[in-house]
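Coordinate inspection notes
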Amino acid sequence: MSDSKDNDGKGKTLSLSGGPGTVRQSFSHGRTKAVVVETKRKRVMTPKPGAASGKPGGRRTSSVGVSDGELARRRKALEAAQAMEAERQAKEKATGDAREAERNRRRSEKETVAREIAEKEIRKQREAEESRIKVEEEVKVKAAAKEEKPARAPKDDTAQDTAAAQAGATRAEAGRLGPNLKKVTPPRLPDKKQPRGRGGDDRRRSGKLTINQALGGGGNKHRSMAAMKRRAAREKAKLRGPIEHEKISRDVKLPETITVQELANRMAEKVAAVVKALMTNGIMATMNETIDADTAELVIEEFGHKVVRVSDADVEDVLVAEEEDTANLKPRAPIITIMGHVDHGKTSLLDAIRKANVVSGEAGGITQHIGAYQVTTEGGAKLTFLDTPGHAAFTSMRSRGAQVTDIVILVVAADDSVMPQTIEAIAHSKAAGVPMIVAINKCDKEGADPNKVRAELLQHEVIVEAMSGDVLDVEVSAITGQGLDALLENIALQAELLELKANPDRAAEGAVIEAKLDVGRGPVATVLIQKGTLKCGDIFVVGEQWGRVRALINDSGDRANEAGPSIPVEVLGLNGTPEAGDVLNVVSDEAKAREIADYRAQVRKDQRAAAGAATTLDQLLAKAKADETVAILPIVMKADVQGSAEAIVQAMEKVGNDDVRVQVLHSGVGAITESDVTLAEASGAPIIGFNVRANAPARNSANQKGVEIRYYSIIYDLVDDVKQAASGLLSPEIKETFIGYATIKEVFKITGAGKIAGCLVTEGVARRAAGVRLLRDNVVIHTGTLKTLKRHKDEVKEVQSGQECGMAFEKYEDIREDDVIEIFTTEEIERTL
């Protein structure tokens, strides 16, 4: 085993010839090496005496120290492992057999397909050879028949011999070629038309698709007629050269903003071309980005199209008023607005004319809504009256009444003369450019002086006829009915001079006098028709709202089927509450009404956003700094009609000063709802209801959240309460009152009490609870209160002038001789708006 030659240098074994403890290794080329190794004896486990039997009841162990239970468990584990291994081998064998069977099946299928293809190719070749042979024989037969025809009359043995010789030569040539028969080209026949017999020419079916051609592959395929036509067209186009299409110039409608893709679609150009044109102009834009009209105009002109500028406001072009044909105009009733100061008897005068009692239904006896009524006089003439409020808060209502009226009746009380709202009514009438009739009311009362009224009107450039002017004036009394006939006569005369006419046969147009949200009926608008006739079922748009007329209700509360010019009606069927003063227009279809309403709503939204965006950062910071010293009273307000809500908001804006102001968080029309309570709770604001009430869920929510709800029916009380609440936010005014002076004669330092000033009261009186200022060389160096005031050894409340006392300052001891102490009292005075 130590001989290296026996192993030939490969797989050398360890040798023990080197002695005990060493092993000699043999390598190739006769090299050996002795290695010292350590041998370990095999450990033999010998059981202890008595271990086999064990103690009674103990576990039995084997000779190697393993218990029988452990051996059984190991045996079971070994058997389970052997079973699993056998199962795995069986599965692998089954899987391998299945794979081998699948491979054999696929191999046999491929061989079968290849065999079929080969057989089909052989069959096709055999059929092709047979057809060539058949064609060749037919050609030969026809050639032979043609040669025999001229020699049929005189029999020529020479010609027959020649033909026979040619036929023999042909057959010999065919036999010689054998399988290469396809190289033989059949001789071309003369131009003479060949007969189209059953077994003759086969050109008739040359373009038909046969079963053999379909199954045989591409050997005998032919191009379709459509492909041949396309090929011919392409060749002709190549001969003609490239065709230059004439550029089509289009009128492109261009709105204020447009996307790149929409611009390309309107020009009928590729989007990539438009993007490339924008890039050449230095604008990097994708197909979905929006560009402005000026940039789009440059691109459109670059592509050779014409620009037609359009605007979103073009949707309202359908509402543009057309010129009326004078032949279609018919007389209409005049619209008279009654204006004047509050409590001058406007509504009472109108009640006397209408023989009604509207004033009894007004809260507080004052008009707080704008009303529209139609009156028929004894002579049959119809008059439409608008009754406006006289309170200072209803300026917008009076302004709307003056804008839609034909005649203004200025009511002035003879016992009160010209008042602020009287002056305002005169200004509205002059701004609207409508004639005025002065009605001097309450002439039946004691102390009435109509001449004083006429004289005071002169100060405002209103000259009545009694004073050689052109303004009609009538002395009336709503209680006794004095002068009512004369007033109606003057109204009829003035209307006759105006020659009021309108076309009732066109689409209706009117003005919203008032709007409200009615429970059960929804949004309701009081509309005064100015042109055309409004009928049930008409589709209309009014401001930001639209709708279809569901019902028309006149001033008497009765339903009407239609309303002509100068007739006031309540319109039901709106989708929302419009603003008072909006114009109602009838349109042709619902889609148009929706489009116009959506456009107006978007414009209103943009205006609000622009108003907020126009504020600079410096302005915002300045406003925030100014608001730090301003107390704000937030309120949430709901009213019964739009006009009242507008008037209350305007009145609230006027309440306040530089230190406090009222902020209306939300104003609306209709009952108080849970959303209003939630808003009020979040902002800590009270809810004000003007002629409206909270619904049951809102009341329960307000009680749970502790939100205050106040109800009002008179605008005076509402404004006064808000002013009082705002006044409570004002900081009180501090008023100082001087009560005396004292001079420090000597300063004493007492342990535990600090410095005490020995003073002489030189003027007034010194009080313990008063405030003091320490003056040194007439300069205030400290302001505070007294800690103690003593005379001799007693603590006193006050010391009179000319007496000495001791004073100590609260938390201040920097006092010196000859300092002067100023003594004063402070008083808080409550401020009001």
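In this text the structure is predicted, and so the values were computed from the model without any measurement.

Cut-offs applied
- Residues numbered from 1 in each chain as written.
- Predicted model: local features only at pLDDT ≥ 70, side-chain atom pairs only at ≥ 80, totals over all residues.
- Heavy atoms only, no water.
- Axes fitted to C-alpha atoms, helices over the stretch in contact; angles between N-to-C directions.
- Helix = DSSP H or I, 4+ residues; strand = E, 2+ residues; numbered from the N terminus.
- Parallel < 35°, antiparallel > 145°, perpendicular 65-115°, else oblique.
- Left-handed = near helix turned anticlockwise from the far one by under 90°.
- Contact = heavy atoms within 4.5 Å.
- Nonpolar A, V, L, I, M, F, W, Y, C, P; charged D, E, K, R; others polar.
- Pairing = 2+ DSSP bridges.
- Core = buried A, V, L, I, M, F, W, Y, C linked by side-chain atoms within 4.5 Å.
- Buried < 20%, exposed > 50% of the residue type's maximum accessible area, 1.4 Å probe, protein only.

1. Some points on the packing of helix H7 (residues 271-280) against helix H8 (residues 293-302)
How two helices sit against one another is set out by the angle between their axes and by the gap between those axes. The interhelical angle for the contact between H7 and H8, taken along N-to-C directions, is 115 degrees, at an axis separation of 10 Å. As summarised for this structure, H7 and H8 are arranged roughly perpendicular, according to the angle between their axes. For the crossing formed where H7 meets H8, the hand is right-handed. Contacts between H7 and H8 pair Val274, Ala277, Leu278 and Thr280 from the former with Thr295, Val299 and Glu302 from the latter. Tallied by class, the residues present in the contact of H7 with H8 amount to four nonpolar, two polar and one charged.

2. Examining the sheet that holds strand E25 (residues 631-639)
If you walk across this open sheet you meet the four strands as E26-E25-E27-E28, and the pairing is parallel. Across the chains shown, the open sheet's two edge strands, defined by having one partner strand only, are strand E26 (660-669) and strand E28 (709-712). Taking the axes of each pair of neighbouring strands and ignoring which way they run, one obtains an average angle of 25 degrees across the sheet. As judged from the four bridges shared by E25 and strand E27 (residues 687-690), these two strands associate in the parallel manner.

3. Focus: the nonpolar core
Ranked by size, the top nonpolar core spans 23 residues in total, and within it Ile336, Leu349, Ile353, Phe385, Ile409, Leu487 and Ile491 carry the most contacts. Those elements giving two or more residues to this core turn out to be strand E9 (335-340), helix H9 (346-354), strand E10 (371-376), strand E11 (382-387), strand E12 (407-413), strand E13 (436-441), strand E14 (472-475) and helix H13 (484-498). Residue contacts for Ile409: discarding those within four places in its chain leaves Ile336, Thr337, Ile338, Met339, Phe385, Ile437, Ala439, Leu487 and Ile491.

4. Concerning the environment of Thr832
Relative to the assigned elements, Thr832 resides in the segment after strand E36 (820-829). Residue classification places Thr832 among the exposed residues on the basis of a relative accessible area of 60%. Put simply, Thr832 and Gln724 are 108 residues apart on the chain and 7.5 Å apart in space, counted from C-alpha to C-alpha. Beyond its immediate chain neighbours, meaning those up to four positions away, Thr832 contacts Ser727 and Leu730.

5. Observations concerning the environment of Val411
Take Val411: it is sitting in strand E12. Relative accessible area serves as the criterion here: at 0%, Val411 is assigned to the buried category. Placed 73 residues apart in sequence, Val411 and Ile338 show a C-alpha to C-alpha distance of 7.0 Å.

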